[in-house]
Amino acid sequence: MDFRDDLSTASDYLRMAVPLMVRRRIPPTPYNYALWYAHVQNAFPDLSRSLLAEFPENGPYDPEKSESLFFEYFVKHYLPTSPQARDLIADIVTKLTQAVSRNLRGTQDYGASLREAMTVFEESVIDPERIRALVGQLLTETRDLESLTQAFQSELQSAGAQVERLKRELEESERRARLDALTKIPNRRGFDEALAQSLSAPEEPTCLMMLDLDYFKRLNDTYGHPMGDRVLEIVGSVLAKLQSDRVFVARYGGEEFAVIVNDELEVAQTLAEQIRRQVAALQIKRKSTQDTIGAITISIGLTRFCPGETAEALIERADTGLYRAKESGRNRVVIA
């Protein structure tokens, strides 16, 4: 759900949503208004169908149904995509809600007993037996409240442990989301974030190289896609060994890789030549026959970031160098 309407449009939706709510006697709570605002936007057919089915005109209002729809169409939108993480969040919220409710009921009951005791103590005629019974009752309820409080503290500790577990799972999920499943090096998403971070410090030099395996389609056609995947894995492992505080490697897509070097162009050029030689020296064997396949080579386009340009412009210039490397014979580094 995304509400980015201007003042005029949002005002029009307000005038449309409120009468619908009034006719159904729906309280204008924030989540109710969000539901009916989304309905009059006419952008979410599933929500509109559910909303009109649950709240027909002259029908009863059920706050739990509103909360359920709000959770389904709004809250879930901002929850992690991992089903395990969503289930864990729901479990934490449910347990804490139940624990708070139990503790609140116990506190309210105890408060009522205290008020009753104060009424007895303020009476002009003191009844010792009644006072003894009341004190016994208060002692029992005090112990019950202590038990409730201890149980609540235990629930909080358990929730804290679950939150830590959830945090670890989310961190791991985020890490996996930035990792290429085949080569085990960062993927395009990881590359985009790393490049943006590098360019956010323009005082530091940033160089970019785009790398593409030569004749990769012919390799796939000759040896099959499993061998093509194996070549990608091995090249990815070559690049992974270069990863450092100043060097970031990623699989850009297909048979193309990218390397960000936070250093001067001369350093990046030396590294590019090192990569080219290491790939050319690879001896990759077929698992079935142990025969060595033909030489694997890589073409590289290299460029240095110019202050004021965009990430897209930098990538385009590196791609231009890569294109020239291909055109001039492959297995070489060309600076754009």
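Provided above is the structure to which this section pertains.
Chains are numbered independently. Their residues run from 1 in the order of the written sequence. For this predicted model, a pLDDT threshold of at least 70 governs which residues receive local features, and a threshold of 80 or more governs which side-chain atom pairs are given and counted, while totals over whole chains, interfaces and linings are taken from all residues. To get the side-chain values, all heavy atoms of the structure are used, and hydrogens and water are removed first.

Asker: Provide a residue-level description of the pattern of salt bridges, including the pertinent values.
Answerer: Salt-bridge detection follows one rule: a side-chain nitrogen of Lys or Arg within 4 Å of a carboxyl oxygen of Asp or Glu. Evaluated as defined, the whole model comprises 15 salt bridges. Here K326 and D214 are joined by a salt bridge, their closest N and O atoms 2.8 Å apart. Placement of K326 in helix α11 (residues 311-327) and of D214 in the loop between β1 (207-213) and α8 (216-223) is noted, with a sequence separation of 112 residues between them. Exposure is judged per residue with a 1.4 Å probe applied to protein chains only, and the accessible area is read against the type maximum: over 50% gives exposed, under 20% gives buried, and values in between give partly exposed. Since its relative accessible area comes to 17%, K326 is described here as buried. Here D214 falls in the buried class, since its relative accessible area comes to 8%. The salt bridge involving D263 is made with R246; its shortest N-O contact spans 3.7 Å. Of this pair, D263 sits in the loop between β3 (256-261) and α10 (265-280) while R246 is found in the loop between α9 (225-240) and β2 (247-253), placing the two residues 17 residues apart along the sequence. Among the charged side chains, a network of salt bridges with common partners joins R178, R189 and E193. Strands here mean DSSP runs of E at least two residues long; helices mean DSSP runs of H or I at least four residues long; both are numbered from the N terminus.

Asker: Got a sec to walk through unusual backbone geometry? Specific residues and values, please.
Answerer: The residue Y215 is not glycine, and still its phi comes out positive at about 55°. Secondary-structure assignment places Y215 in the loop between β1 and α8. With a phi close to 70°, R330 is a non-glycine residue in the positive phi region. Relative to the helices and strands, R330 is located in the loop between α11 and β5 (333-335).

Asker: Tell me about the layout of surface pockets, and please be specific about residues and values.
Answerer: The gaps left among the atoms become clear once a water-sized probe is rolled over them. Space inside and on the surface of the protein is sampled on a 1 Å grid over the protein atoms alone, with a cavity defined as a set of points where a 1.4 Å probe fits but cannot get out and a pocket as an open set with protein on both sides within 12 Å along at least 5 of 7 lines; lining residues have an atom within 4 Å of a point. Grid points are joined across faces, edges and corners, and a volume is the space filled by probe spheres set on the points. Put simply, the largest pocket is a space of about 260 Å³. Lining the largest pocket we find A194, Q197, S198, A201, E204, Q243, S244, D245, R246, V247, F248 and N262. Of the voids in this model, the second largest pocket is the one considered here, and its volume is about 170 Å³. Lining the second largest pocket, in full, are D214, Y215, R218, L219, T222, Y223, I293, G294, A295, I296 and T297. Ten residues, namely Ala, Val, Leu, Ile, Met, Phe, Trp, Tyr, Cys and Pro, are considered nonpolar, four, namely Asp, Glu, Lys and Arg, are considered charged, and the remaining ones, Gly among them, are considered polar. Its residues assigned to classes, the lining of the second largest pocket comprises six nonpolar, three polar and two charged.

Asker: Can you break down the packing of aromatic side chains residue by residue, with the values?
Answerer: The criterion for an aromatic pair is that two Phe, Tyr or Trp rings (for Trp, the six-membered ring) have centres within 6.5 Å, with stacked assigned to planes under 30 degrees apart, edge-to-face to planes over 60 apart and tilted to the rest. In total, this model carries five aromatic pairs according to the counting rule given. Ring geometry for F191 against Y252: centres 5.3 Å apart, planes inclined by 85°, an arrangement best described as edge-to-face. In this pair, F191 sits in helix α7 (residues 188-199) while Y252 sits in strand β2, placing the two residues 61 residues apart along the sequence. Each of the two residues, F191 as well as Y252, counts as buried. In this structure an aromatic cluster arises from ring pairing among Y13, Y33 and Y37. In this analysis the charged atom, NZ for Lys or CZ for Arg, is taken to sit over a ring once it is within 6 Å of the ring centre and within 35 degrees of the ring normal. Just above the ring of Y215 sits the side chain of R330; from NZ or CZ to the centre is 4.4 Å.

Asker: Tell me about the sheet that holds β1, residues and numbers included.
Answerer: In sheet architecture, strand pairing relies on hydrogen bonds along the backbone and comes in two forms, parallel and antiparallel. Strand pairing is assigned whenever DSSP identifies at least 2 bridges connecting the two strands. With mixed pairing, the five strands of this open sheet are ordered in space as β2-β3-β1-β4-β5. Where the open sheet ends on each side, the last strands, each with one partner, are β2 and β5. Taking each pair of neighbouring strands and ignoring which way they run, the sheet shows an average axis angle of 20°. Pairing of β1 with β3 involves six bridges; the strand directions are antiparallel. Each residue of the ladder has a partner; that of M209, found in β3, is V259. Any two residues whose heavy atoms approach within 4.5 Å are treated as being in contact. Each axis is a line fitted through C-alpha atoms, and for a helix only the stretch in contact is used; angles between axes span 0 to 180 degrees, taken between their N-to-C directions. Set on the sheet, α11 makes contact with β1, β2, β3, β4 (298-304) and β5; between it and β4 the angle comes to about 140°.

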